[in-house]
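The residues making up each chain are set out below.
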Amino acid sequence: MIASIEVELRKLRGSLILLLVAIPPLLPGAIIALAIATNEGVPSWEQLVGRLTIPLWAMFLNPTLLATVATLMGQIEYRSGSWSFMLVQPQPRWQLFLTKLGILWVLHAMMLVLAIAGAILAGACIGHLTGRVPTGTIPWAEGIRFVAHMSLGSLAILCIQLWVALRWNNFVISLALGIAGTLVQLAVLITGSDQAGWFPWVMAMRSALSENGAENVRAGLALGLVLVPVMLFDLQRRALK
Amino acid sequence: MTAAIRTEGLSLSLGGRAIVRNVDMTVPDGGVYGFLGPNGAGKSTIMRLIVGLLRPSAGTVSLFGENLAQRPRALLGQVGILIESHGLYEHLTGRENLLLACRLRGIDRRDIGRVLDAVAMHRAADRAVKTYSLGMKQRTALARALLGRPRLVVLDEPTNGLDPEGIMAMRDLIRELPARFGATVLLSSHLLGEVQEVADHIGLLRQGELVAEGPLRALSETEPLIAISTDRQAEARTALLALGLEEDRDSAEERLVFRMGRLTAAQINRSLVEGGFAVSALAQESRGLERLYRDKLGSQPSFEAHSVQENRP
């Protein structure tokens with residue numbers, strides 16, 4: 001398993017995936033910096049983190065970035081035509097897919113941390129530079145809760161996205177799924193519907209935004225844990241190429 | 001002789017359509033086995049079955065005398081493959097690609113230098129694969145297949161898309177593999193010339209069926225033919241048929257071609273002369289792999305690649 005992890009990590013070196021993990025999560029921080037620099041008023045930390053960073057991530061960045069990163073992970077194998085090579089290695093096939101899922105999960109958690117840390121860092125730095133330091137205390141607890149909830153509550157969509165990205169050579173399928181999931185999730189949010197609680201994308205969003213976030217975390221995590229073995233079973237019997 | 005690969009009744013059906021039909025194939029240990037057939041004959045599919053990338057609908061695959069289905073991981077650890085495409089990660093360097101393979105197969109990374117030397121890729125090994133020409137990619141992929149001194153190397157159309165120089169270099173390398181690396185090579189190609197040049201055993205494949213198999217020399221030399229020109233061709237044909245000879249499909253009015261059967265050229269000549277024919281030309285011909293290909297596969301063989309698609313960075 002360690003060899004598989006090492007190999008999958010090496011594959012990320014110099015790939016677009018690392019750029020995607022490192023740059024877009026800084027978007028909330030960039031918006032915060034811009035907001036502080038251009039507005040006269042002094043925002044609060046609660047506004048910057050609780051009402052900007054977390055909703056922006058949960059509603060839009062989370063599903064779209066997950067879809068894109070998962071798609072790129074699939075395309076690493078498909079574009080190079082390396083499935084034949086990977087699938088005849090001495091490691092069991094399920095191990096390869098499980099490793100990819102684990103790495104995607106870790107990358108997702110890293111993006112969440114970067115998003116929160118970037119937002120706080122941007123607020124603090126630009127605040128000091130402009131003399132408009134955000135009021136209140138830095139919401140570390142809320143940030144940690146957000147990272148934990150999003151990370152666990154997103155397991156189901158993470159699994160679905162990776163499954164589709166590895167299953168089909170055509171990257172459009174995986175991206176289209178991500179876009180469709182995001183649109184449904186946004187429609188549920190905009191209409192204020194309490195329906196569609198079973199929809200994995202909605203579970204992930206509500207795990208960060210809803211008052212009963214913990215329930216959605218449990219649901220997303222449980223569904224994810226059910227999907228993981230099904231995904232492994234399906235992928236290991238496929239003739240991927 | 002021990003078989004490096006033996007398949008028995010190997011079959012694969014997809015969506016009710018038979019892709020591979022009851023293939024009994026034996027690849028002797030050592031040497032190069034050329035798998036020959038037109039595009040779409042099922043060569044790649046059989047190779048994928050042999051290395052466990054596909055599961056057969058029926059039949060078995062044995063590697064080195066052991067059933068692949070029973071010990072897949074242990075047996076595949078002794079197989080190097082280059083199937084369908086080079087399969088290298090283009091954003092990594094050649095050396096990094098080999099390192100990945102070493103890590104996955106538990107091979108000492110010092111082996112990388114040996115295989116890079118073998119394919120003459122030492123100098124470019126630290127460049128990203130995306131800067132390589134197609135020939136360099138194929139050579140690096142072959143180096144990866146040779147890591148850990150595999151007992152069997154499976155190469156699917158390894159010269160596809162290479163320029164003439166690349167094709168020659170690759171053929172030289174393949175020819176050397178049994179003696180230099182102690183590996184049995186299973187090579188597929190739709191090019192008759194390629195197989196003739198490197199293989200010592202061949203298998204002919206048509207529509208998923210193995211229609212002929214054996215040592216190249218034996219298959220090339222079976223059923224000799226005799227080509228005859230006389231002063232009265234129509235009557236000569238009747239006389240030869242009366243001798244019990246079978247007329248070949250290449251026979252024409254101006255040049256009769258018959259399968260010699262058990263008779264020698266001298267016996268046939270004598271019969272004709274004694275029958276009052278003036279024999280102006282009589283030549284014994286080997287059946288040849290080309291003839292065998294045409295007879296068994298019912299089409300003209302390709303000798304060389306028609307288009308050269310060398311990608312230069």
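If you're wondering where the values come from, they're calculated on a predicted model, not measured in any experiment.

Conventions adopted
- Residues numbered from 1 in each chain as written.
- Chains lettered and ligands numbered in written order.
- Predicted model: local features only at pLDDT ≥ 70, side-chain atom pairs only at ≥ 80, totals over all residues.
- Heavy atoms only, no water.
- Pairing = 2+ DSSP bridges.
- Helix = DSSP H or I, 4+ residues; strand = E, 2+ residues; numbered from the N terminus.
- Contact = heavy atoms within 4.5 Å.
- Axes fitted to C-alpha atoms, helices over the stretch in contact; angles between N-to-C directions.
- Buried area = accessible area lost by both parts, 1.4 Å probe.
- Salt bridge = Lys/Arg side-chain N within 4 Å of Asp/Glu carboxyl O.
- Polar contact = N/O pair within 3.5 Å; in protein donor to acceptor, adjacent residues only side chain to side chain.
- Nonpolar A, V, L, I, M, F, W, Y, C, P; charged D, E, K, R; others polar.
- Domains from an automatic or database assignment.
- Buried < 20%, exposed > 50% of the residue type's maximum accessible area, 1.4 Å probe, protein only.

The next point concerns the sheet that holds strand 11 (residues 225-230) of chain B. Sheet strands pair by backbone hydrogen bonding; their relative direction is either parallel or antiparallel. All names here are of chain B. Read across the sheet, 4 strands follow the order 12-13-11-14 without closing on themselves; strand pairing throughout is antiparallel. With partners counted over all chains shown, the strands left at the sheet margins are strand 12 (246-247) and strand 14 (279-285), one partner each. Pairing geometry for strand 12 and strand 13 (residues 256-259), over 2 bridges, is antiparallel. When the bridges of strand 13 are listed, Glu 246 appears paired with Arg 259. Where helix 9 (residues 233-242) meets the sheet, its contacts fall on strand 11, strand 12 and strand 13, and the angle it forms with strand 13 comes to roughly 5°.

If you look at the interface, chain A gives 30 residues, while chain B gives 27 residues. Both sides of the chain A and chain B interface together cover about 2,500 Å² of buried area, and 57% of this is carbon and sulfur. The largest share of the area that chain A buries against chain B comes from Arg 10, Phe 85 and Val 88 of chain A, three residues that together contribute 25% of it. Remark: the boundary between chain A and chain B carries 2 salt bridges. Across the pair Glu 6 of chain A and Arg 103 of chain B runs a salt bridge whose closest N-O atoms are separated by 2.4 Å. Where chain A meets chain B, there are 14 residue pairs in polar contact (both at pLDDT 80 or more). If you list the elements that add at least two residues to the side of chain A that touches chain B, you get helix 1 (2-12), helix 4 (45-80) and helix 5 (83-87) of chain A. The element best represented in the side of chain A that touches chain B is helix 1 of chain A, accounting for 7 residues. In the side of chain A that touches chain B, the residues fall into 12 nonpolar, 10 polar and 8 charged.

Residues and elements named next belong to chain B. Pairing within the open sheet is antiparallel, and its 4 strands lie in the order 2-1-4-5. Edge positions in the open sheet fall to strand 2 (17-28) and strand 5 (66-67), since each of these has one partner strand only. The pairing of strand 4 (residues 58-63) with strand 5 spans 2 bridges and is antiparallel. When the sheet's bridge partners are listed, Ser 62 is paired in strand 5 with Asn 67. Contacts from helix 1 (residues 43-50) reach strand 1 (3-14), strand 2 and strand 4, with the element oriented near 65° to strand 2.

With that settled, consider the domain arrangement of chain B. Taken domain by domain, chain B comprises domain 1 (3-213) and domain 2 (223-286). The straight-line distance from the C-alpha centre of domain 1 of chain B to that of domain 2 of chain B is 45 Å.

Let us look at the side chain of Thr 140 of chain B. Residue and element names in this part refer to chain B. Take Thr 140: it is sitting in helix 5 (residues 134-146). With relative accessibility at 1%, the residue Thr 140 sits in the buried group. When neighbours within four sequence positions are excluded, Thr 140 is seen to be in contact with Leu 88, Gly 94, Leu 98, Met 121 and Tyr 132.

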